[in-house]
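# Analysis of the macromolecular model
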Amino acid sequence: MIDEGKWQKAWMEARIFEPAVIPGKKKFMVTVPWPYTNGSLHVGHGRTYTTGDIVARYKRMRGFNVLYPMGFHQSGTPIHAFSDKIARGDPGTVETYRAYVSQYVEGEKINEILESFKKPENIASYFSKATVNDFTSLGFSIDWRFKFTSAEPAYGDFVQWQFRRLNSRDYIKQGSYPILYSMDDENAVGEDDIADGDIDKVSVEEFTAVKFKGESYSIVAASVRPETIFGITNLWVNMEAPYVLCLMDDEKIVVSKASAEKLRRQHINFSILDDVDPKSLIEERFKVPVTGDEIMVYHSSFVDPDNGTGIVYSVPGHSIWDYVAIKESGIDLHMKKVISFPDKQYSVENLTNARGITSISDTEKLSAATQDLYKYEFYQGRMMDNCGSLSGMSVPEAREKIKGELLESGDAFIFYETSRKAQTRSGSKVIVAVLRDQWFIDYSNPEWKKESHSLVDRMLFVPAFYKENMHETVEWIRERPCARRRGIGTKLPFDDRWVIESLSDSTIYTSVYPVIDNLRKIREIRGKIDDQVLDFIFLGADMPPEYDDVRSISEKARNDLLYWYGCDLRVTSIPHLSNHLVFYIMNHVAVLPKRFEPGGLMILGLVVSRGAKIGKSKGNAVNLLQVTKKYSADVYRLYVATVSDINSQIDWNEEDLQTVIRGYESIISFLERYRKDDSLPGHIETWFESKFYSTLEKFIQDMDSYSVRSAYVRIIFDVMNDLRRVERRGGSVNVALGLVLKEWLISLSAVIPHACEEYWHRYISDTFVSIQVLSPGKDRIDGILLESEAYVDSVTEDIREILNVIRKKPSSIIIETCDESARNLMKLADENRLSEIPQELKRYIPEFMKIRRTLRIMNFDEYTVLEENQEFFSRIFDCKVQIRKGMLGRSNKNSWPGRPAIHVET
RNA sequence: GCGGAGGUUGCCGAGCCAGGUUAAAGGCGACAGACUCAAGAUCUGUUUCCGUAGGGUUUCGCCGGUUCAAAUCCGGCCCUCCGCACCA
């Protein structure tokens, strides 16, 4: 067992991962997303960080000056939310955190720490420290000198500077915006706050709320299908439910009481005046906008007062609910059809019959049928001639048009509803509220998009198809709310009631790594970091004389930044694509000069566990530190590197892990058994050397294009198989391994650094393998040697196949190589000079043509090679083996180039 | 629906961009053998079907096309997965 901790300590003490700025030396900066510090990490998280470390270590062995920095994300609301829950004593949360903490401490100490978690900043700082420990245990080659968090003041100054820059380019906007909102808490809610919010997502839906004018007030029905307004026959209310009269912008309207509570939070001038007796609604007539039809109101129990406005306008021609409700209550009404479509199966009548729907209580069937009908009409439907200005339009067109017209004329307003009924985890109802003064970053600016596209074109994407994907994302992105009313983070510089939202504050933070220590010093001297200083460091602007007290520090920062930044590779995962990564790209374009632009993105696939998405609630979140402790860091790293391609999903499971462990043990066993042996290498050892360097060449090619898996499968498993071949061929593994051991250890060290360090020190030298540079050794590849081994293989296979067919044990085998005349015949045939073949050989042409494609003239003497391997053949086939020079026509089997005749005697 | 990825031999998973050397890498599983008192581990071989001579045969979601030649190129269809926003 390798003492991994020993090497981690040794690396730390020797400070080998803390590179100096060396002007002229090519550098490589690799980053991964900084972890959010609300808990300990599971095996899923580890993939990205480990891959980042493998890249960092690989680039080091290729001679780059490598910077792999790390920080911690602390801003946002989840840490707050968890802290609140712990303070409230929420059993689930307390249990989760007890489990986290008990990995690091024992006994009474756990309770003490849990107690401290009632303050959010303690959670953040505790898990920042814990994660440093986890990462160290994984053998990551992180330069911890540049660690910082998104909540610290020096970084906050930078974020504010960044926002002022964005604002100066007019990319910051303010406006109204619908958000999910807790009624009891009177506060915005995120996915984490909603019960089952991670499993069943809640989104905001936009309804068109249409006003139907009556005598003294309007009645409001909200619909997602405003184009059906021409087919309205009546209105529905639920007599069991409470309705209220409200005042909205000096206009009296009636909606359900539940709905009024929502509207109150969506409109400024809105107040509830009085209760309304549903009976009075039924007695009155209302006017449909646009058509001017007078319609009646009826009762139906299917109307949900807590959905929409609690009033439904009825379009029986195109709505199954309405159709069934009318039939069931026996109301005598004329159905109006306003949308035509080709397949009559989709008429409400046929759908209702076909699905056996008889009553409005068949809610499941009704919902399913409704969904099918809406979808079908939306894509296939056209507005009929009775639809005024909408006539002849497709449904989507008509919908947009009528919605615009109704809003314009004041006959309708937008009403927001949640996509499903939802509650917060503490049980408060979740509705949609409209924030009036929400701050946005406006990513829709066409110039900005254009520059961003061009940056995307310049960047490297691994896998490549994500480049196309990123172009799409840049096109698609619009305004993004960038501030919230609560949470940890930096205050918005132009409105300090707002905290910058946690993804918006972390878009170009990677540029801060190289300078964070100097930013802290500047802040210490001046109390804050002014824009003039940041302009100097990040933009190269002149700095006024009043900043002379920090000039030399700022110059140092500027120099470090110029050397290290842009980030050559950022390793992340798929979920970041449509948020963090597009912000990362666009904010670089907007804020920083071109010389600091990012070089590339490596986007990893998801990690699932035992076939399911990893989730706390699913109980399949395997803790990363536990895995490291139970198996070893090297085993986990090997798992990440070899179990799956970077773009494919990894399924964490015990079976695959066992395979990886066996692979790891094989490597260790080869390295453990090794004893230095300087004997002169024989044929097979020389072959091995040649094969190794050819493998190493492919390894480098693969790694340079970030095909980590195939690179390491090669350099591990191919090399081990070749070593076994050396053994099988009677060669010396020690001699063979000795020829390549240095380069093998260096190349392996990116994935299993601890083991490599151990054997490097044992067999090679007391330097660190982790910072050695690889020597490819093209001159050590002997192509002919490789070819001749492959030839021996193919002869072996042929013999084996024959033996398989005859199913008898051979008493002797004779292998006959071809003669000059066979070679000659082949040469002439290859050059299309068949007619020049000597007369006496012509009778062999048919046989030759038949097997021609399996033949090849070798670059070596077949006889000599076979002769050298005579003993080997004899051993594996356990019989006498003779090598002879054959002659065309001498026996019933002919020898051809690359395909000696094989005679088996039993 | 929009955008992206994909459907390969018992399973997982390469190959497909640059068509032929592909019955199709590698791993797992299964079977046989070696080692062992035994089990495990390890090693060797087999793993579409047929075959007493290195051969033949049928296969890469479905249908069709291009080509001397297609898992690979083109068209259509069916199916699966991921993202679609204010959430880290």
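Parameters and conventions
- Residues numbered from 1 in each chain as written.
- Chains lettered and ligands numbered in written order.
- Predicted model: local features only at pLDDT ≥ 70, side-chain atom pairs only at ≥ 80, totals over all residues.
- Heavy atoms only, no water.
- Helix = DSSP H or I, 4+ residues; strand = E, 2+ residues; numbered from the N terminus.
- Rg over C-alpha atoms; globule rule 2.2 N^0.38 Å.
- Contact = heavy atoms within 4.5 Å.
- Lys, Arg positive; Asp, Glu negative; His and termini not counted.
- Charge placed at Lys NZ, Arg CZ, Asp CG, Glu CD.
- Phe/Tyr/Trp six-rings, centres within 6.5 Å; stacked < 30°, edge-to-face > 60°.
- Buried < 20%, exposed > 50% of the residue type's maximum accessible area, 1.4 Å probe, protein only.
- Pairing = 2+ DSSP bridges.
- Arc of directions from axis to C-beta.
- Axes fitted to C-alpha atoms, helices over the stretch in contact; angles between N-to-C directions.
- Near = heavy atom within 4 Å.
- Polar contact = N/O pair within 3.5 Å; in protein donor to acceptor, adjacent residues only side chain to side chain.
- Domains from an automatic or database assignment.
- Buried area = accessible area lost by both parts, 1.4 Å probe.
- Salt bridge = Lys/Arg side-chain N within 4 Å of Asp/Glu carboxyl O.
- Nonpolar A, V, L, I, M, F, W, Y, C, P; charged D, E, K, R; others polar.
- Parallel < 35°, antiparallel > 145°, perpendicular 65-115°, else oblique.
- Right-handed = clockwise from strand over helix to strand, strands pointing away.
- Core = buried A, V, L, I, M, F, W, Y, C linked by side-chain atoms within 4.5 Å.

For chain A, the helix and strand inventory stands at 31 helices and 30 strands. For 906 residues, the compact-globule formula gives about 29 Å, and the C-alpha radius of gyration of chain A, at 37 Å, lies well above that figure. By principal-axis analysis of the C-alpha atoms, chain A measures approximately 115 × 80 × 55 Å. Considering only contacts in chain A between residues 6 or more positions apart, those separated by 24 or more positions represent 75%. Each charge class in chain A was averaged separately, 117 positive and 132 negative side chains, and the resulting centres sit 4 Å apart.

Bringing the packing of aromatic side chains into the picture now. Evaluation of the coordinates by the stated rule reveals 47 aromatic pairs. Taken together, a centroid distance of 5.7 Å and an interplanar angle of 80° make the contact between Tyr 100 and Phe 127 edge-to-face. Of this pair, Tyr 100 sits in helix α4 (residues 91-101) while Phe 127 sits in helix α6 (residues 120-137); the two residues are 27 residues apart in sequence, bridging distant segments of the chain. For Tyr 100, a relative accessible area of 16% corresponds to the buried category. Using a relative accessible area of 0% as the deciding quantity, one classes Phe 127 as buried. A network of ring pairs unites the aromatic residues Trp 34, Phe 148, Tyr 155, Phe 158, Trp 161, Tyr 509, Tyr 513 and Phe 538 as a single cluster.

What the three strands build is an open sheet, ordered β26-β25-β27; its pairing is mixed. Looking along the sheet, the strands with just one partner apiece sit at the ends: β26 (612-613) and β27 (650-652). Relative to β27, strand β25 (residues 607-609) runs parallel, the two being bridged by three bridges. Note on β27: the bridge partner recorded for Val 607 is Ile 650.

Within the element layout of this structure, Val 735 appears in helix α25 (residues 733-748). As for Val 735 and Leu 786, which are separated by 51 residues in sequence, their C-alpha atoms are 18 Å apart. Excluding residues within four positions of it along the chain, Val 735 makes contact with Asp 677, Ser 679, Pro 681 and Glu 685.

An α-helical turn contains 3.6 residues, so any two residues separated by three or four positions project in the same direction. Listed in full, the buried residues belonging to helix α16 (residues 516-526) are Ile 516, Asn 518, Leu 519 and Ile 522. Mapping the buried residues of α16 onto a view down its axis gives an arc of 160°, with all of them on the same face. Turning to α16, the residues buried within the fold contact α7 (153-168), α17 (531-539) and α18 (551-564). Where α16 terminates, the next one or two residues include Gly 527, which has phi positive at roughly 85°.

This next bit is on the sheet that holds strand β19 (residues 460-462). Pairing is parallel in the open sheet, where five strands are placed in the order β2-β1-β23-β24-β19. Since the sheet does not close on itself, it has two edges, and those belong to β2 (65-67) and β19, each with one partner. Strand-to-strand twist across the sheet, computed as the mean angle between neighbouring axes with direction ignored, equals 20°. The pairing of strand β23 (residues 569-573) with strand β24 (residues 600-604) spans four bridges and is parallel. Its bridge partner lying in β24, Arg 570 is registered against Leu 601. In the packing of helix α19 (residues 577-591) onto the sheet, contacts are made with β19, β23 and β24, and the angle to β24 comes to roughly 170°.

We now examine the protein's contact with RNA strand B. Residues in close proximity to RNA strand B total 46 residues, the closest being Tyr 36, Tyr 177, Ser 502, Asn 579 and Arg 662. Contact between RNA strand B and Arg 480: a base nitrogen at 3.0 Å from a side-chain N or O atom of the residue. Of all elements in the fold, only α15 (465-476), β20 (479-481), α19, α22 (654-673), α24 (708-728), α27 (783-806) and β30 (901-905) reach the threshold of two or more residues within the surface near RNA strand B. Broken down by element, the residue count for the surface near RNA strand B peaks at six residues, all from α27.

The next point concerns the domain arrangement of chain A. The parts lose accessible area when they come together, and the size of an interface is often stated as this lost area. Assigned domains within chain A: domain 1 (204-418), domain 2 (654-781) and domain 3 (794-905). Once you take the C-alpha centre of each, domain 2 and domain 3 turn out to be 35 Å apart. For the pair domain 2 and domain 3, the two sides together bury roughly 340 Å², of which 41% comes from carbon and sulfur. When the buried area of domain 2 at its contact with domain 3 is split by residue, His 683, Arg 728 and Arg 729 rank highest and sum to 96% of it. Remark: the boundary between domain 2 and domain 3 carries zero salt bridges. Connecting domain 2 to domain 3 are two residue pairs in polar contact (both at pLDDT 80 or more). Per-class residue counts for the side of domain 2 that touches domain 3 are no nonpolar, two polar and two charged.

Looking now at the pattern of salt bridges. Pairing between side chains of opposite charge can happen when the charged atoms of each approach one another. Here the structure, examined in full by the defined rule, presents 49 salt bridges. A salt bridge links Arg 145 to Asp 143; the nearest nitrogen and oxygen atoms lie 2.5 Å apart. According to the relative accessible area criterion, Arg 145 is partly exposed, its value standing at 35%. On the basis of relative accessibility, which here comes to 0%, the residue Asp 143 falls in the buried class. A salt bridge links Arg 225 to Glu 377; the shortest N-O distance between them is 2.3 Å.

Turning to its location among the elements, Asn 518 is positioned in helix α16. Between the alpha carbons of Asn 518 and Ile 553 there is a distance of 6.2 Å; along the sequence they are 35 residues apart. If sequence neighbours within four positions are ignored, Asn 518 has contacts with Ile 553, Lys 556, Ala 557 and Asp 560.

With that settled, the discussion passes to the packing of helix α2 (residues 43-61) against helix α21 (residues 633-642). Packed helices, taken two at a time, are described by the angle between their axes plus the distance between the axes. Running from N to C, α2 and α21 cross one another at 85°; their axes reach a closest spacing of 9 Å. Classed by the angle they form, the pair α2 and α21 counts as roughly perpendicular. Contact with α2, carried on its side by Val 43, Gly 46, Arg 47, Thr 50, Thr 51, Asp 53, Ile 54 and Arg 57, involves Tyr 636, Arg 637, Val 640 and Ala 641 of α21 and no other residues of that element. Its residues placed into classes, the contact of α2 with α21 shows five nonpolar, three polar and four charged.

So, on to the side chain of Ser 788. Inspection of the secondary structure puts Ser 788 in helix α27. Ser 788 sits in the buried class, given a relative accessible area of 4%. Not counting residues within four places of it along the chain, the set of residues in contact with Ser 788 comprises His 683, Phe 860 and Val 865.

Judged by how many residues are buried, β24 sits mostly within the fold: five of five residues are covered. In this fold, the crossover linking β23 to β24 by way of α19 has right-handed handedness.

A few words now on the environment of Ile 902. Of note, Ile 902 is situated in strand β30. Sequence-wise, Ile 902 and Asp 798 are 104 residues apart; in three dimensions their C-alpha atoms are separated by 8.3 Å. Dropping the residues within four chain positions of it, Ile 902 is found in contact with Val 795, Asp 798, Ile 799, Ile 802, Ile 813, Ile 814 and Lys 893.

Here we come to the nonpolar core. Of all hydrophobic cores here, the largest spans 98 residues; its most connected members are Val 30, Met 602, Phe 699, Tyr 712, Ile 715, Trp 744 and Ile 752. Ignoring anything within four residues of it in the chain, the contact list for Phe 699 reads Tyr 58, Ala 711, Tyr 712, Arg 714, Ile 715, Ser 747 and Leu 774. Grouped together as the second largest cluster of nonpolar side chains are 76 residues, Val 159, Trp 448, Phe 583 and Ile 585 included.

Our focus in this paragraph is the pairing of strand β8 (residues 243-248). Looking down a regular strand, the side chains alternate between one sheet face and the other. Counting buried positions along β8 gives five out of six residues, so the element sits mostly inside the fold. Counting the residues between successive antiparallel strands, the hairpin from β8 to strand β9 (residues 251-256) contains two residues, one of them, Asp 249, with a positive phi of roughly 45°. Direction of pairing for β8 relative to strand β10 (residues 270-276): antiparallel, over a ladder of six bridges. Opposite Leu 247, over in β10, you have Ser 271 as the bridge partner.

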